[in-house]
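# Per-entry structural report
What follows is the residue order along each chain.
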Amino acid sequence: MSEIPDNLYYTKEHEWIRNDGDHVTIGITDHAQNALTDIVYIELPESGMTLEDMGEFAIVESVKSASPIFAPLAGEIVEVNDALEDAPELMNESPYGEGWIVKMKLDDMSALSTLMDAAGYAAEIAE
Amino acid sequence: MSHLFEFNGAEGKGYSQPSPIMDVSKLKLPGSMRRESLPRWPRVSEPEMVRHYTWLSKRNFGIDTGFYPLGSCTMKHNPRVNEAIAQMPGIANIHPHQPESHLQGLLSIYHEMQEMLAICAGMDAVTLQPVAGAQGEFTAIRCFQEYFRKTGQTQRTKVIVPDSAHGTNPASASMCGFEIIEIPSSADGRLDLDALRAVVGEDTAAMMITNPNTLGIFEADVVEASQIIHDAGGLMYYDGANFNAILGWTNPGLMGFDAVHYNLHKTFSQPHGGGGPGSGPIGVKAHLAEFLPSPIVGKREIESEDEHLYAVDDCWYTWQTPESTIGKVQQWHGNAGAVVRCWAYYRRYGRDLKTMSEHAVLNANYLRHAILTKAEEAGVTHMFVEGAPINVCKHEFTISMSPAKESMGISAMDVAKGLLDMGYMAPTVYFPQIVPECLMIEPTETESKETLDEFATNFIKVLQTDAEALHESPTTTPVRRVDEVYAARNLILRYEMD
C-alpha cells in the first residue's frame, strides 16, 4: 500500500502539496514514485518562474517513461530542490521528505481547499 | 581477444597512411588546436581486427539468428534479392553529385517508388526524403503548418493524439511548435469519439492516429474520427508504423487521412535494428503536395539527342522542387540504399503484398491463440491478462503481466529476460504505456507455424519458472541482466581510454 500522509493536499496528477504558512512545498506521491519506478533524471525549473494553474514546471524521467509535473495552483516558484539534480533517487527513497521538488508562493493560499485531502486521494488511486 | 582498444600489445600497426603532403612545420595552427599526444589508434594487425569484429558479431542477436517478436517494430525477414539489386554497380557506386544523365536508373526507381507508395496508401504525392518514421511525422506536420499559414489559419495550434500513441507523435508535433492534446482511449482500447468531440474546435490543427493502434486493434471508428476533424477544419495524420497489418486490404486515403508516413524498414523489409538505417517517406493528398520537401523526382518528355543516349525509359527523370516546399529535411536524397531495397521488395511481390499482411495478421492471431490455449493447459492463466479485451487482433497483441507482478513478483521485464535465455529476442516491454506491465508481441508474416508453436511453449515455460530463478535471468547471454537505472544515471557514451 502506498503511503498517504494525512496532513497534505493532493492532485489527480499524483502530486502532494504541504501548507507551510506563507508558501507551499510540492512533490510527487509515494504512489507516483512507485508507478514511475526508478527515477533517473529530473529537469528542474528556475526559481522565480511564475506559473498558471496546471502549468508544467518539471519533467521526471524514469527508465520507463518521461512525465511532466504540473503546478497544482497558480503562483511563483520560490525555491527549487537542487539536490535532486545529482540524486533524483531521493524522489523514490523519500517522496514526502528529501524528495520534495519545489516551494511555491501561491497567488491565493485559500485555493488550497479546492484540492483533495488524503482520503480523497486514497479513493482516487483505488479506482 | 576482446576489445579493440584493449588489444594494444605489440608495437606496430595494421594500417598504412600516405605521408603528409606538406611539411608539418609549415602548418600554422593555433596552439590550442594542436593535440599534445598522438592519437591512440589500436595497434592490431588485419587478422586481429577481423577477429575482433567477428567476435562482436557472434555476440549479436538479429532476425538472421532467431525469432524476434519485438512488437511495433515489424522485424521481418530481409530477402537477399533486395541486396543483390542494391549492390548493382550502377546503383551502389553512384554519387549524389553526379549529373541527372548519370542517375536516370536510380531516378526511375525513385519515381516508381513514389508512385507505388502513393497508390498503396491512397495518397497523391510522395517524398522519399525522411530517413525515419519520426522524421516523416515531423515533415508531414511541418507541411500541415505551412498549409495553415498559406490558408490564413494560424489560429490552429493544437494537435490531438490518443493516449495509446507512439511517443514520437506528440514529440514531432511539439517540435513544430504545436500544443498537444491527449485524449483517453475507451475501455476496449479504441478511439473514444466522445472524448475527441470534446476537444476539437477552431484551434484544432491535426489529429495523429496509428491504425491498427498500438494495442494491435483496428480502429473501426477511424472514418468517423476523420469526419469530426475535417468538419472542424483540421487535418488527419496516419502513423504508418503498423501498415504491415493492412497493406492491400484498405488504406489511409480511404480512411480519410491527409498524410501518412511509411516505415520502409518495417513494412517493406529494409533491414533495421541498432539504429538504422531506416527510411520514413511520407505521402500526402493533393492539397499538401506543394509543401513537400525538395527534391522529389518528376518526369518530362525527352528533349535532346543527348538525353536519348542516357534515358532508361521513354521519358526523362528529373529532380524537382515543390512550389511551396518546406525546404530540405535530409541531405541529398534520403537513404537511397533503403529506398532501392524496398523498391525491389515491392516489385518482387506486387499485389501479393496483400497476402503478406494477411499472413502477418494470421500469425499474430495464431500465436495469441496458442499462448492462451497452452496457458490454460498449464494452469497459468492467472498470471496475466490481455492488454485489451479483443476477439481478434491485427498484426500484434499485448499481454499485461500485472497479476504475476502483484501476486508473485514476476514482472514483464522478468519474463522478457527469461525469453532471452530461451534463445529469443524479447517482445517489446512497457509499451504502450496504457497497459501496465505490458508485453507487446509481433511475430510478422515470415515465421512458420512451428516457430510460433515452439515460442508459445517456451513462453509458458518461462511463466512456470520460479520467481527467484527468473530474477536471475538472463544467464546464457554474453551480458547478464543490465542495471538500467545505474546506466541511465551514469551515462558513458564512449570508450574511456584512461
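Conventions used here
- Residues numbered from 1 in each chain as written.
- Chains lettered and ligands numbered in written order.
- Predicted model: local features only at pLDDT ≥ 70, side-chain atom pairs only at ≥ 80, totals over all residues.
- Heavy atoms only, no water.
- Helix = DSSP H or I, 4+ residues; strand = E, 2+ residues; numbered from the N terminus.
- Buried < 20%, exposed > 50% of the residue type's maximum accessible area, 1.4 Å probe, protein only.
- Contact = heavy atoms within 4.5 Å.
- Rg over C-alpha atoms; globule rule 2.2 N^0.38 Å.
- Areas by Shrake-Rupley, 256 points an atom, 1.4 Å probe, with all protein chains shown as cover.
- Lys, Arg positive; Asp, Glu negative; His and termini not counted.
- Charge placed at Lys NZ, Arg CZ, Asp CG, Glu CD.
- Domains from an automatic or database assignment.
- Buried area = accessible area lost by both parts, 1.4 Å probe.
- Salt bridge = Lys/Arg side-chain N within 4 Å of Asp/Glu carboxyl O.
- Expected span 1.5 Å × (residues − 1).

With that settled, the discussion passes to the overall build of chain A. A count of helices and strands for chain A gives 4 helices and 9 strands. Mapped from its N terminus to its C terminus, chain A presents α and β elements in the order β-β-β-α-β-β-β-β-β-α-α-β-α. Dimensions along the principal axes, computed over C-alpha positions, put chain A at roughly 35 × 35 × 20 Å. Counting all 127 residues of chain A, 50% fall into the buried class. Counting only contacts in chain A whose residues sit at least 6 apart along the sequence, the fraction spanning at least 24 positions is 60%.

Helix and strand content of chain B: 18 helices and 13 strands. For chain B, the C-alpha radius of gyration of 26 Å lies close to 23 Å, the compact-globule estimate for 498 residues. Structurally, chain B occupies a C-alpha span of about 75 × 65 × 45 Å along its principal axes. Here chain B holds 498 residues, and 48% of them are scored as buried. Contacts in chain B between residues far apart in sequence, at least 24 positions, make up 74% of those at least 6 positions apart. As displayed, chain B offers around 24,200 Å² of accessible surface, 53% of which is attributable to carbon and sulfur atoms. Between the averaged position of the 40 positive side-chain charges in chain B and that of its 60 negative side-chain charges there is a distance of 7 Å.

All right, on to the environment of G66 of chain B then. Among the structural elements, G66 of chain B can be located in the loop between α1 (46–58) and α2 (80–86). Through-space distance from the C-alpha of G66 of chain B to that of I180 of chain B is 39 Å; in sequence the pair is 114 residues apart.

Looking now at the domain arrangement of chain B. All names here are of chain B. Along its sequence, chain B is organised into domain 1 (81–352) and domain 2 (353–486). Computed from C-alpha atoms alone, the centre-to-centre distance between domain 1 and domain 2 is 31 Å. Across the boundary between the two partners, domain 1 contributes 29 residues, which contact 24 residues of domain 2. Roughly 2,100 Å² of surface becomes buried between domain 1 and domain 2 when both sides are summed, with 63% attributable to carbon and sulfur atoms. Of all residues in domain 1, L215, N244 and W249 give up the largest surface area on contact with domain 2, accounting jointly for 29% of the area buried on that side. For the pair domain 1 and domain 2, the number of links is 0 salt bridges. By residue number, the principal contributor to the side of domain 1 that touches domain 2 is helix α12 (residues 336–349), which donates 3 residues.

What follows concerns helix α16 (residues 449–464) of chain B. Residues and elements named next belong to chain B. For α16, built from 16 residues, the straight-helix expectation of 22 Å at 1.5 Å per residue is met to within 8% by its first-to-last C-alpha distance of 23 Å. Buried within α16 are the following residues: L452, D453, F455, A456, N458, F459, I460, V462 and L463. Against α13 (353–378), β11 (397–400), α15 (412–421), β13 (438–441) and α17 (467–472) lie the buried residues of α16.

Moving on, we come to the pattern of salt bridges. For the coordinates displayed, the defined rule picks out 21 salt bridges over all chains. Of the charged contacts, one joins D22 of chain A and K105 of chain A as a salt bridge, the two residues approaching to 3.9 Å between their closest N and O atoms. Separated by 83 residues along the polypeptide, D22 of chain A in the loop between β2 (15–19) and β3 (24–28) and K105 of chain A in strand β9 (residues 102–106) bring together distant segments of the chain. Assessed through its relative accessible area of 42%, K105 of chain A is described here as partly exposed. D203 of chain B is paired through a salt bridge with K158 of chain B; the nearest N and O atoms lie 2.9 Å apart. You can see D203 of chain B sitting in the loop between α7 (193–199) and β4 (204–210) and its partner K158 of chain B sitting in strand β2 (residues 158–162), a full 45 residues away along the chain. For K158 of chain B, a relative accessible area of 22% puts it in the partly exposed group. Linked by salt bridges that have partners in common, R142, E146 and R149 of chain B make up one network.

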